[in-house]
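# Breakdown of the fold
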Amino acid sequence: MRFRILGPTQVVLADGREVPVGGPRLRALLALLLLDAGRVVSAERLIDGLYGEHPPRGAANALQSQVSRLRQALPAEHDPVEFHPAGYRLAVDSDDVDAYRFERLAEAGRRALVDGDWPRAAAVLREALELWRGPALADAIGAPAQAARLDELRLAAIEDRVEADLALGAQSALIAELRELVVAHPLRERARGQLIRALAALGRPAEALAEFEDARHTLAEQLGVDPSAELAAVHLAVLRGEERGLAEPALPSQLTTFVGREEELKRVGDLLGDRRLVTLTGPGGAGKTRLAIEAAGRVDGEVRFVELAGLADGSDVPQAVLSALGLRDAGLRAPAEPGRQTTDRLVEALAERRLLLVLDNCEHVLVDAARLAARLLSACPALRVLATSREPLGLAGEALCPLSGLTVPPLGASALDADDYAAVGLFAQRATDVAPDFTVTPANVEMVLRICRSLDGLPLAIELAAARLRALSVAEVAARLDDRFRLLSTGNRAASPRHRTLRAVVEWSWDLLDDAERKVARRLTVFAGGATLEAAGRVCGLATFEFVDALSGLVDKSFVEMTGGRYRMLETVRAFCAERLAEAGEADQLRRAHTAYFLEFAWTASDHLRCAEQLHWLRRLDAERDNLHAALRRATAAGDASDAAGMVAALSFYWWLRGMRGEGARLAADVLELLGAEAPPGLSEEFALCVYNASLAGSGPLPSLGTQRSVIRSLDRAPRQPFLLYLSGISTGPPSGGAEDVDELMAELRRLVGPDPWINALGAMGSGSALMWSDQRDRAEAALATALDGFRSTGDRWGTMITLGALGELAAWQGDPETAGAHMDEAMGLVEALGSAVDQADMLRTRGEIRLRAGDLAAAHDDFAAALLLAQRSGAPEFVASARLGLAQVARVRGNLAAARRFCEEALAGGLTGWYVGEAARAEIIVVLKEIAEAEKAGAPPSAAGA
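## A closer look at the overall build of the protein
Per the secondary structure count, the protein includes 43 helices and 13 strands. Counting over 947 residues, the protein shows a buried share of 53%. The contacts of the protein with a sequence gap of at least 6 include a subset with a gap of at least 24, amounting to 71%. A total accessible area of about 40300 Å² is found for the protein, and carbon and sulfur atoms account for 52% of it.

What follows is the structure in structure tokens.
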């Protein structure tokens, strides 16, 4: 017989038939005996369980009667109920009782979880939980303690099973279950933490943080306590991005299967297990990038892939890493520290982050890539680097994994064994892609072996050869190799390493192109980071049908790849074709065409950044960033002042929205050297924008532009880039006359510009801010409401977010925390849509100030602490300083003057100098330090609690 007490009490025979036990009291008696299966249970304990604190007269006789009926109910051949002088015993094996089996399985599952055997843990725990059919001991109302114990074990088993499922990547399927669990048991912090982790792993950090906020409030309201250290650690991990999962891919997706390299893959995995710098070396086309992607995909933890092939200058390596990490390189509405390098921001962002950084194609920027890797590895102990390069980085502790070609059959090997060699397998797979009926047969195997041997097993060469099977037979491909690939066996030692093997492969493929295909192939090399069909067609300058046919032919012949709607060349192919472009005398013509196209694109996109299509155009600009910056650099190098300055002007708002102040500043500074100390005729606006952008990185002495008024008066036409007005305002500060001067300035601007909703909204925001600080709150609220309506009418999320932040602060000043909170909730939603961690830090800081004013010190502290973590992770020292100032204010109000002073001093150490906003922040910190000093002199009692 099997006995069930995890739900209503049941007795089940071996054949599955249920044995009827009788009424409620009889089932309760059986359940009480089953709780101690195989052991004697005293009569007194059974009576207490059946009748409670007030048993009837003759309870002992009544118990005997119940035991007798239980014996009659159970099959006579078993008769497990035994009488003992001390009570009664149910003589059954504990394995036959579901509660005992559940406990054993739950413990086994927990051990498997501790051992890291997640599939076994999940399976065993599911088996345990399937034994439950309802509340434990549903019939034994006299055993509340035992029922509570079993229910607690069940919840723990559920959480253990969830933990195993999380480790197996089943986050999406767990969300609904975890939400139900949290609603049913709001004080169980482990389930809360699991829900937060699952949301973060699915790329939903805002919901994860909201769950933590709900947990904090629930614990405070119901128990008067803060979240446990474990739950706080989960919260911290989400803020740092350490709980991101597969919802946010960090490695390029691959369209083809991975062939061969299993030994090398194992070696790389072993090296990454105990070394912090591993470099894959080998000739071009050996498959270093693909192997790095496969190896990184098998590593536990966070991975970020950095493609360096498109960089023209080694000085851009740190910026490429910053972009791959998804970090802005400076904060919104705050200055960059003079002389501060992007590398410093990377060190701050990665100091405590456990991460594998893949640096791909280092060879042409080797010195700079090596220098950056050395700096990061020395300063960031949890960081590992996997690099690909044609030569080692040359750093101490570097572990090398050399790659040559795939395995090929040696001379004299049997054709029957051809399938055992990776080079043959790769050729066969890629040949099937273009010629579905192709197979390696006894008739063609010798020619396939000849091709693979002649190409030294190099994957790129084999893939290019296999692609020719669309138009040629295997025999024709093999015959061409006899004529064209002699350099592959002997090599040209005087040639560039990039060209010692693959030049012959590419040159042979080039000979197979027709005239139109060659023209398109060489002209496509002007693009950086690929091209859309429209851009490629416009720049290449061929008739539409001729161009489309030629481009399709290039894709078919593996000269060009098409992924995600963009056309790209392999870098080796691109380098070869660029030489052909120069030989044709078309390089300057194509550079100008490329610059003209992307200058037009940049201005079109800039206009759309101030409207409802803002997010769409931000994504389009992101996709073309390499082309835009390449066009700007080329125009600067060629001395095309008008185009270069125009590109800086067109990209200014984009750089700001994406936090690319450092990179924009460097590009603008180069253009300033071309423009000179004064604005050339017709370039007043462009010159001013170059100065403002260059000043963001503390580039040293720059031309003075004077006040906002003088800048506006210097314009001989309406500004094509209205963001100029914002940059000039935060650079020079508000007019000395306050809001009246702002209104006068805007009236002067409207005479120049005419009606423009976005500029009017910007002016109203500036006027409202000035009125706030002059304590004219009613007028400020009206001006900011006008600004909000204006930005909403245009669809600009950034302007709406900034204005909502100001309105939130104003509402807090006016003693209306509910309205302030509503404004900040909407602002936080907009910043999430814009996808900026730095802006989120800014809005958290603003909300912290609002909560501080409302007296909610705990919530204010949480906001400032979260802002500090996001700012540190993003490498944005300006917001690090402002968050520390907020923490100092909280500590000062709590009476912890020592902590308040420490936070202020740490905030000042960030170097807030240069722009008006930075100087204002520095002045505010100094004022707070003076207040702390006065409180210390007055003998304010120190607080025992930390900030």
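## What about the pairing of strand β7 (residues 277-281)?
Burial analysis of β7 places five of its five residues in the buried class, which makes it a mostly covered element. Alternating residues of β7 divide into Leu277, Thr279 and Thr281 and Val278 and Leu280, and every residue in both groups is buried. With five bridges joining them, β7 and strand β10 (residues 383-389) adopt parallel strand pairing. Bridged to Val278 within β10 is Leu386. Across four bridges, the pairing between β7 and strand β11 (residues 399-402) is parallel.

## Re the packing of aromatic side chains
In total, this model carries 17 aromatic pairs according to the counting rule given. Relative to Phe559, the ring of Trp510 has its centre 6.5 Å away and its plane inclined at 40 degrees; by these criteria the two rings are tilted. Placement of the pair is Trp510 in helix α21 (residues 502-511) and Phe559 in the loop between α24 (544-556) and β12 (561-563), with a sequence separation of 49 residues. Between Trp758 and Phe791, the aromatic rings sit 6.1 Å apart at their centres with planes inclined by 75 degrees, giving edge-to-face as the arrangement. In this pair, Trp758 sits in helix α35 (residues 757-773) while Phe791 sits in helix α36 (residues 777-794), placing the two residues 33 residues apart along the sequence. For the pair formed by Trp758 and Phe791, the shared burial category is buried. An aromatic cluster of three or more residues is present, and its members are Phe653, Trp656, Phe723, Tyr726, Trp758, Phe791 and Trp798. Seen from the ring of Trp617, Arg620 lies directly overhead, with NZ or CZ sitting 4.4 Å from the centre.

## A look at the sheet that holds strand β9 (residues 355-360)
Spatially, β8-β9-β10-β7-β11 is the arrangement adopted by the five strands of the open sheet, whose pairing is parallel. The two strands at the open ends of the sheet, each matched to only one other strand, are β8 (302-307) and β11. Within this sheet the neighbouring strands show an average axis-to-axis angle of 15 degrees, counted without direction. Taken strand by strand, helix α12 (residues 288-297) contacts β7, β8, β9 and β10, and its axis lies near 160 degrees from that of β10.

## Observations concerning the pattern of salt bridges
Pairs may arise between side chains of opposite charge once their charged atoms sit close together. In the structure shown here, the tally under the stated rule is 57 salt bridges. Residues Arg851 and Glu213 are paired through a salt bridge, measuring 3.8 Å at the closest nitrogen-oxygen approach. Here Arg851, found in helix α39 (residues 837-853), pairs with Glu213, found in helix α9 (residues 205-223); they are 638 residues apart in sequence, far enough to count as distant. Between Arg216 and Asp862 there is a salt bridge, and its shortest N-O distance comes to 2.9 Å.

## Topic: the sheet that holds strand β5 (residues 81-84)
Spatially, three strands are ordered β4-β6-β5 in an open sheet, and the strand pairing comes out antiparallel. Each of the sheet's edge strands pairs with one partner strand only, and the pair in question is β4 (40-42) and β5. For this sheet the average axis-to-axis angle between neighbouring strands, irrespective of direction, equals 30 degrees. Relative to strand β6 (residues 87-90), β4 runs antiparallel, the two sharing three bridges. Bridging from a neighbouring strand, Ser42 pairs with Gly87 of β6. Taken strand by strand, helix α1 (residues 24-35) contacts β4 and β6, and its axis lies near 80 degrees from that of β6. Of the strands in this sheet, β5 and β6 are in contact with helix α3 (residues 59-73), which crosses β5 at around 150 degrees.

## Focus: the environment of Val21
Locating Val21 in the fold gives a position in the loop between β3 (18-19) and α1. Take Val21: its relative accessible area is 8%, and that puts it in the buried class. Put simply, Val21 and Gln10 are 11 residues apart on the chain and 7.5 Å apart in space, counted from C-alpha to C-alpha. Contacts of Val21, omitting those with residues within four sequence positions, involve Val11, Leu26, Arg27, Leu30, Leu70 and Ala73.

## Here we look at α9
With 19 residues, α9 should cover 27 Å at 1.5 Å per step; its first-to-last C-alpha distance of 26 Å lies within 8% of that length. Looking one or two residues past α9, Gly224 carries a phi angle of roughly 70 degrees, positive in sign.

## Some thoughts on unusual backbone geometry
A positive phi angle, close to 65 degrees, is found at Arg261, a residue other than glycine. When you line up the elements, Arg261 lands in the loop between α10 (229-240) and α11 (262-274). With relative accessibility at 7%, the residue Arg261 sits in the buried group. Despite not being glycine, Asp775 has its phi angle at roughly 65 degrees, a positive value.

## Looking at a nonpolar patch on the surface
There is a patch of nonpolar side chains on the surface, built from Leu187, Leu223 and Val225 and spanning about 230 Å² of accessible area. Summarising the element assignment, Leu223 is placed in helix α9.

## Section: the nonpolar core
If you look at the biggest cluster of nonpolar residues, it comprises 224 residues, and the most contacted ones within it are Leu524, Phe559 and Trp798. In this view, Leu524 contacts Ala536, Cys540, Leu551, Leu554, Val560 and Met569; residues no more than four positions away in its chain are not counted. Counting residues in each nonpolar core, the second largest holds 51 residues, with Ala295, Leu356, Leu406 and Ala418 among its members.

## Considering the packing of helix α26 (residues 587-608) against helix α28 (residues 625-637)
For the pair α26 and α28, the least separation of the axes is 9 Å and the interaxial angle reads 125 degrees. By the angle between their axes, α26 is oblique relative to α28. As α26 runs across α28, the sense of the crossing is left-handed. On the side of α26, the interface is formed by Arg591, His594, Thr595, Phe598, Phe601 and Ala602, while α28 contributes Asn627, Leu628, Ala631, Arg634 and Ala635. Residue composition of the contact of α26 with α28, by class: six nonpolar, three polar and two charged.

## Focus: the confidence of the model for the protein
Mean pLDDT over the protein works out to 83, with 89% of the residues at or above the 70 mark. pLDDT under 50 marks residues 245-249. Its contacts with residues more than four places away, or in other chains, come to seven contacts. Predicted confidence is poor over residues 330-340, with pLDDT under 50, and the contacts of this stretch with residues over four places away or in other chains come to 53 contacts.

## Concerning the pairing of β9
With six of six residues buried, β9 is to be regarded as a mostly interior element. Where burial is concerned, the two faces of β9 agree: the one with Leu355, Leu357 and Leu359 and the one with Leu356, Val358 and Asp360 are both buried. In terms of strand pairing, β8 meets β9 through six bridges, oriented parallel. Bridge pairing in β9 links Val306 to Leu359. A crossover connection joins β9 to the parallel β10 through helix α15 (residues 366-379); in handedness this β-α-β unit is right-handed.

## Points about a negative patch on the surface
Negative charge collects at one region of the surface, where Asp514, Asp515, Glu546 and Asp549 lie side by side. Within the secondary structure, Asp515 is located in helix α22 (residues 515-524).

## A few points about the environment of Arg216
Locating Arg216 in the fold gives a position in helix α9. Sequence separation of Arg216 and Glu189 is 27 residues, and the distance between their C-alpha atoms is 9.9 Å. Residues within four places of Arg216 in sequence aside, it is in contact with Pro227, Ala858, Ala859 and Asp862. Within the structure, Arg216 has its side chain in polar contact with the side chain of Asp862 (distance 2.9 Å).

## Side note on the packing of helix α14 (residues 342-350) against α15
Packing of α14 against α15 leaves a shortest axis separation of 10 Å and a crossing angle of 35 degrees. For the crossing formed where α14 meets α15, the hand is right-handed. Residues Thr343, Asp344, Leu346, Val347 and Leu350 of α14 lie in contact with α15, whose contacting residues are Leu372, Arg375, Leu376 and Ala379. Residues of the contact of α14 with α15, tallied by class, amount to six nonpolar, one polar and two charged.

## Quick notes on the side chain of Ser728
Positionally, Ser728 belongs in helix α33 (residues 723-732). Only 2.8 Å separates the side chain of Ser728 from the backbone oxygen of Leu725, close enough to count as a polar contact.

## Some thoughts on helix α27 (residues 614-623)
For α27, the complete set of buried residues consists of Gln614, Leu615, Trp617, Leu618 and Leu621. Viewed end-on, α27 has its buried residues packed into an arc of 165 degrees, placing them on one side of the element. Packed against the buried residues of α27 are α26, α28, α29 (641-657), α37 (797-813) and α38 (817-834).

What counts, and where the lines are drawn
- All chains use their own residue numbering, which begins from 1 and follows the written sequence.
- With pLDDT at 70 or above as the cut-off, local features in this predicted model cover only qualifying residues; side-chain atom pairs require 80 or more to be listed or tallied, and sums for whole chains, interfaces and linings still use all residues.
- Side-chain measures were taken over the full set of non-hydrogen atoms in the model, leaving aside hydrogen atoms and water.
- Secondary structure elements follow DSSP: runs of H or I of four or more residues count as helices, runs of E of two or more count as strands, with numbering from the N terminus.
- Accessibility here uses a 1.4 Å probe with only protein chains present; expressed as a share of the type maximum, an area under 20% marks a residue as buried, one over 50% as exposed, and anything in between as partly exposed.
- Contacts are residue-level and defined by heavy atoms, with any inter-residue pair within 4.5 Å sufficient.
- Under the convention used here, a 1.4 Å probe and the Shrake-Rupley method define accessible areas, while residue burial counts only the protein chains that appear.
- Strand pairing is defined by DSSP finding a minimum of two bridges between the two strands.
- A pair of Phe, Tyr and Trp rings is counted when the ring centres sit within 6.5 Å of each other, with Trp represented by its six-membered ring. The angle between the planes then sorts it: under 30 degrees is stacked, over 60 is edge-to-face, the rest tilted.
- Throughout this description, the term charge over a ring refers to an Arg CZ or Lys NZ atom that lies within 6 Å of the ring centre and within 35 degrees of the ring normal.
- The axes used here are C-alpha line fits, helices contributing only the stretch in contact, and every angle between their N-to-C directions lies in the interval 0 to 180 degrees.
- A side-chain nitrogen of Lys or Arg and a carboxyl oxygen of Asp or Glu constitute a salt bridge if their distance falls within 4 Å.
- The span expected for a helix works out to 1.5 Å for each residue beyond the first.
- In this analysis, a patch consists of residues with relative accessible area above 30% that form no salt bridge, clustered at 9 Å for like charges and at 5 Å for the nonpolar side chains Val, Leu, Ile, Met, Phe, Trp and Tyr.
- What makes a nonpolar core is a set of buried Ala, Val, Leu, Ile, Met, Phe, Trp, Tyr and Cys residues whose side-chain atoms join them at distances within 4.5 Å.
- By the definition adopted for this analysis, an angle is roughly parallel if under 35 degrees, roughly antiparallel if over 145, roughly perpendicular if from 65 to 115, and oblique otherwise.
- Crossings are assigned a handedness: left-handed for a near helix turned anticlockwise from the far helix by less than a right angle, right-handed for a clockwise turn.
- Classification used: nonpolar for Ala, Val, Leu, Ile, Met, Phe, Trp, Tyr, Cys and Pro, charged for Asp, Glu, Lys and Arg, polar for all others including Gly.
- Confidence scores per residue from the predictor, reported as pLDDT, run from 0 to 100.
- By the criterion used throughout, a crossover qualifies as right-handed when its path from the first strand across the helix to the second strand runs clockwise, the strands pointing away from the viewer.
- The charge count includes Lys and Arg as positive and Asp and Glu as negative, but it does not include His or the ends of the chains.
- Lys charges are placed at NZ, Arg charges at CZ, Asp charges at CG and Glu charges at CD.
- We call two N or O atoms a polar contact when they sit within 3.5 Å, provided that within protein one can donate a hydrogen and the other can accept it, with sequence-adjacent residues counted only if both atoms are side-chain atoms.
- Of all possible arcs, the one meant is that of the directions from the helix axis to the C-beta atoms.

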